Amino acid sequence: MAHTQLEGAQRVGVRFPKLTFTLDRWTQFGPRIGRLCLARPSDSPSNHVVDISTPNFLVGTSRGVVPHFSRDHVHSANCINWINVPFESFLEQTPPVPTYQAGPQPLHNFLGFDSSKHIVSLSLRDPLDAREMPPNGNSHVSASCMRGVRKVTPADWRSYILKMQPDIAFALSDTPFTAPPHSQKRMTKSIERSAAWLADLLRPVENTMDDSPSESTCTHSLNVFVHMAGGASTSARRAFSHNLKETLHGLEANAVKPLRCLDEGVVGYAFDLAALHIRPALLSAHNDRGGGIEITENSLVLQNSESLAEMPTPNTAGTPTSLSSSMIEPLSFLSLTPTLDELLRASLEPLPIAKPRLVTDVRSPHEVLRLIRDIGVDIFDAGWVVKAADIGVALDFIFPVPCEHDGGPDRRKRDIGHNLYDAKYAHDFTSLTDAFLAGRNRTPSSMSLVCPCIACSPVAPTFPIHHSKVDVQSHQTYSDDASQEQFLPPFTRAYLHHLLHTHEMSAHTLLVAHNVAILDTLFTGVRTILSGHADQNEAAAAFAQEVTRFEEVYDGAMSVLHTARDNWKDVKHARGKGRLAREAQKDEDA
């Protein structure tokens, strides 16, 4: 079936949009600002250009749906411009249901995203899912769906991409989702497979729209992001990067012709931190804070025994799909564990500067700011703010931090949000955030920023909802005299507290909208600081100073999220089967 889909995609002449990335400030490691531009083909039914200023973020989906959002919510959220779709959630059917969508831009049309506003990327696996999986093979990747684990071959993945025509595709990567430490042999296999699968995806797409063989052309039109392999070994990461840059020869060169190296076919680099957050096997027996949602400041847990060696830059005379295991040697048991900065730098040092860098599974605003300051990451995922909304936390922080936002009277650090499950909010009738004004409370003289989310700045509809032609006729006068939008009173913390305790779905919708808006203001503040200085060194120094102040004012331990998770569990088990027994036991314990 995969080959049939591939042939069909080639016959219709697939044309993908062109992704370009420009940097305003050129630096290999350090804060930088740029612009990501996606230009669709001129003969496309929707000839649009989507611009994203960087640093910025993308939003993940579950079965193609942004968590807790309807299509209208996604379209009304102006801050959402990049949406990633993990395809593994559709693999319970063969062939997957989305592949039946016909016409141009099938992925956008099937999921209801706006091609003039949204960049939609396609990855096989959910980058936030680090559950232990069956091992990958030389010719397949294990993916998780509703009906268990499915094996996806590189040919299958290439056919899905050509059929669904995403704006950006992520190459397959052999990431081990088992507790570290990983053996030298396993890391070598991971690098070899990842490079081979990338080469398979970069094979040219034959454009045979005309019947004449002379008109057939080969184009490298896919916008491919590559997952940077190498795990927790700096030498393995550096070896994989050199594989991307080395010149190809023989059959491998002919397979991806006219590309001279794999990196020429790659538009960006992706770093998945989920696998690095897996606890080492030596620590797995220790008591954890529980499953579910865990967000901490120092959340990166790397292997701390039998780490893979730090080796000199390997000789790149070999081929990208045959990595010598001598490039990666084990260290002693007492060797130091590389930090996250060292791992990312090892991957990026051999590679071009002017390509976007994407990091997934960050777990705090502090980690986001540090990665911008120390590495120069351009795109982050918004998974952690959605998880915060899942457990009833309304984010409340601002960057850069105003002078009046110092610590409290006892010099304690501020929480990054409000745990709305807490009983103290039952009679709190203020808006969700102290750092921003609600739209209704804004005055011409106010200097404070406004939170534009649908929870803090709800807007009265300027037109009535029409259910039939009769409604259109009866409201014709109203439509002609429609006034400008007017802000309604903001939803209060007490109201959200009530919704959460009554298990209303709208509570999480309002919280996701609010948290995503707060995240957007974070990146807006970053870009404002970096663009406010003509000299690059001055901009970097000013930004580093603001990051330090943010860390001094806001709690990096994210204690409010841990408390909220415990309250969320209590409310979740407050009803349902066994409720009376649990309440009786709770009374006895009290």
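Residues numbered from 1 in each chain as written. Predicted model: local features only at pLDDT ≥ 70, side-chain atom pairs only at ≥ 80, totals over all residues. Heavy atoms only, no water.

Tallying secondary structure elements over the protein gives 17 helices and 19 strands in all. Here the protein, with 590 residues, has 53% of them falling under the buried criterion. For the protein, long-range pairs separated by at least 24 residues make up 72% of all intrachain contacts whose partners lie at least 6 apart in sequence. Surface exposure of the protein reaches about 27000 Å², of which carbon and sulfur atoms provide 52%. (Helix = DSSP H or I, 4+ residues; strand = E, 2+ residues; numbered from the N terminus. Buried < 20%, exposed > 50% of the residue type's maximum accessible area, 1.4 Å probe, protein only. Contact = heavy atoms within 4.5 Å. Areas by Shrake-Rupley, 256 points an atom, 1.4 Å probe, with all protein chains shown as cover.)

The final tally for this structure, using the stated rule, is 2 cavities of 30 Å³ or more. Approximately 50 Å³ is the volume attributed to the second largest cavity. Around the second largest cavity, the lining residues are R25, P31, R32, I33, L530, Q536, A539 and A540. At 3 residues, the largest contribution of residues to the lining of the second largest cavity is made by helix α15 (residues 536-553). (1 Å grid on protein atoms, 1.4 Å probe; cavity = no way out; pocket = protein on both sides within 12 Å on 5 of 7 lines; lining within 4 Å. Points joined across faces, edges and corners; volume = space filled by probe spheres on them.)

Looking now at the sheet that holds strand β5 (residues 82-86). Reading around the circumference, β4-β5-β6-β9-β12-β13-β14-β15 is the order of the 8 strands in this closed barrel, with parallel pairing throughout. Each strand axis lies, on average, 25° off the axis of its neighbour in the sheet, ignoring direction. Sheet topology places strand β12 (residues 224-227) next to strand β13 (residues 266-272); 4 bridges connect them, and they run parallel. Its bridge partner being in β13, V226 is matched across the sheet by Y269. Along the sheet face, helix α8 (residues 340-348) touches β13 and β14 (357-360) and points at about 160° away from the line of β13. (Pairing = 2+ DSSP bridges. Axes fitted to C-alpha atoms, helices over the stretch in contact; angles between N-to-C directions.)

Mapped onto the secondary structure, T61 falls in the loop between β4 (56-60) and α2 (71-76). By relative accessible area, T61 is classed as buried at 8%. In terms of polar contacts, T61 uses its side chain to reach the backbone carbonyl oxygen of N84, at 3.0 Å. If near-sequence neighbours (up to four positions away) are discounted, T61 is found in contact with V66, P67, I83, N84, V85, P86 and F113. (Polar contact = N/O pair within 3.5 Å; in protein donor to acceptor, adjacent residues only side chain to side chain.)

Attention shifts here to the sheet that holds strand β2 (residues 34-39). Reading across from one edge, β1-β2-β3 is the order of the 3 strands in this open sheet, with antiparallel pairing throughout. Two strands bound the open sheet, and with one partner strand each, they are β1 (18-23) and β3 (49-54). Strand after strand, the sheet turns through a mean of 15° between neighbouring axes, direction not considered. Where β2 and β3 come together, 6 bridges link them in antiparallel fashion. The residue of β3 that forms the bridge with R35 is S53.

What follows is about the pairing of β5. The side chains of a regular strand alternate, first on one face of the sheet and then on the other. Most of β5 is tucked away, with 5 of its 5 residues classed as buried. Every second residue of β5 is oriented toward a common face, with W82, N84 and P86 on one face and I83 and V85 on the other, all of them buried. Pairing geometry for β4 and β5, over 2 bridges, is parallel. Pairing of V59 across the sheet is with I83, part of β5. In the classification by handedness, the crossover that spans β4, the intervening α2 and the parallel β5 is right-handed. Bridge count between β5 and strand β6 (residues 119-123): 5 bridges; the pairing is parallel. Looking across to β6, one finds that N84 is bridged to S121. With helix α3 (residues 106-111) bridging β5 and the parallel β6, this β-α-β connection has right-handed handedness. (Right-handed = clockwise from strand over helix to strand, strands pointing away.)

It is worth stressing that arrangement in space is one thing and function is another; only the former is reported here.
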